[in-house]
Amino acid sequence: MTTTVAPPPMLIEELEVTAVERLSPSFVRVEFGSPALADLGVDEGPLYDQRIKLIFPNAAGELPRLEPDEGFFATWMQIPEAERGAMRTYTVRALRGSGPDTRLVVDFVVHEGAIGPGGDFGANAAVGQRVITLAPRRGVPFGGIEFVPGTAKRLLLVGDETAVPAIAAILECLPPTARGAAFCEVPVAADVLQLDGPSGVEVHWLPRDGAPRAVALHAAVLEHLGEDPAPPVVDEVDPDLWETPTYSSSGEEVDTAVRVVGHEFDDLYAWIAGESKLVTGLRRAMVKDLGIDRHQVAFMGYWRQGVAMRA
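Undergrad: Residues and numbers for the overall build of the protein, please.
TA: In terms of helices and strands, the protein carries six helices and 14 strands. Expressed as a percentage of its 311 residues, the buried residues of the protein come to 48%. A separation threshold of at least 6 residues defines the contact pool for the protein, and within that pool the share at least 24 residues apart is 71%. As displayed, the protein has an accessible area near 15000 Å², and 51% of this comes from carbon and sulfur atoms.

Undergrad: Go over the packing of aromatic side chains, please, and point to the residues and values.
TA: If you walk through the whole model with that rule in mind, you get twelve aromatic pairs. Between Tyr90 and Phe108 the ring centres are 4.7 Å apart and the planes differ by 50 degrees, which places this aromatic pair in the tilted class. A residue pair is termed long-range when its members are at least 10 positions apart, and Tyr90 in strand β4 (residues 86-91) and Phe108 in strand β6 (residues 103-109) qualify at 18 residues. An aromatic cluster is present here, built from Phe32, Phe56, Tyr90, Phe108 and Phe121 joined pairwise through their rings. The ring of Trp76 carries Arg84 above its face, with NZ or CZ at 4.9 Å from the centroid.

Undergrad: I'd love a proper account of the sheet that holds strand β8 (residues 154-159), names of residues and values included.
TA: A sheet is described by the order of its strands in space; here seven strands give the open sequence β10-β9-β8-β13-β14-β11-β12, paired in mixed fashion. Strands with a single pairing partner mark the edges of an open sheet, and in this sheet they are β10 (201-207) and β12 (247-248). Examined bridge by bridge, strand β11 (residues 242-244) and strand β14 (residues 297-303) share two bridges and lie antiparallel to one another. Pairing of Glu243 across the sheet is with Phe299, part of β14. In the packing of helix α4 (residues 164-173) onto the sheet, contacts are made with β8, β9 (180-186), β10, β13 (268-275) and β14, and the angle to β9 comes to roughly 155 degrees. Where helix α6 (residues 276-289) meets the sheet, it contacts β8, β11, β13 and β14, and its direction lies at approximately 155 degrees from that of β13.

Rules of the game
- Residues numbered from 1 in each chain as written.
- Predicted model: local features only at pLDDT ≥ 70, side-chain atom pairs only at ≥ 80, totals over all residues.
- Heavy atoms only, no water.
- Helix = DSSP H or I, 4+ residues; strand = E, 2+ residues; numbered from the N terminus.
- Buried < 20%, exposed > 50% of the residue type's maximum accessible area, 1.4 Å probe, protein only.
- Contact = heavy atoms within 4.5 Å.
- Areas by Shrake-Rupley, 256 points an atom, 1.4 Å probe, with all protein chains shown as cover.
- Phe/Tyr/Trp six-rings, centres within 6.5 Å; stacked < 30°, edge-to-face > 60°.
- Lys NZ or Arg CZ within 6 Å of the ring centre and 35° of its normal.
- Pairing = 2+ DSSP bridges.
- Axes fitted to C-alpha atoms, helices over the stretch in contact; angles between N-to-C directions.

Interpretation note: all reported values are geometric properties and have no functional meaning in isolation.
Structural data, given as structure tokens:
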């Protein structure tokens, strides 16, 4: 009798750095390799903004041992903090090659000021270094894709530097007929990158160059929507802000029924990610002030200024 063993529900594998490229002052591209990457992917549609986890070595340069099962996180948390390394979330920037020669490309942001474990790894990445990835395995539901525009005819992509890799990946996945705009805020003008995407999606770069974070980006998005570019009004910031057409981090019940919006934005789908204050301000302006339906937007607080990022 032959027993069929189901594959683990996700990839939990050690990867080795195979190439490093400094793209700009704030972006470092790291390519990882492992024969296990042959199984990385999703069954339907493009990767878009597919999220993965990376676990970086501890201070001694060691990685924890984890089994590829659904209890991995509890196992990882039981390891003493000084030994387990740091876990952070990243976007699959690209997959290159095929089979055992598949390469996973991740763009790291080297943040202004304090550098966390991810930024530190990106700034000092070298061929031969190793990390652990938690990533989708073909044939097994994983989640982690929030870009779901449905039948929208207009797209709006907005993000700071932490969202630029995801925006870039989304643009490359779009069909040639896609229409809309992308707004990317970056620390300095030298961080403006060449992005590939449909000619009908115009990419706007907004370097801060020492100016306050998110102010120009907020105004540019409102101007694009035909509204008065008033400064953002943010009284309270939810550090866990994550709202999509099917999920709300606040616990709000989400009605997933298809509806007719019936106003000038009814053909729009917006994807907005980055620092929580930036995302909170645009959420208030678009949903509360402009009346854009919650089913047309994905608002994701990737990080919060002054607060250490979690896994």
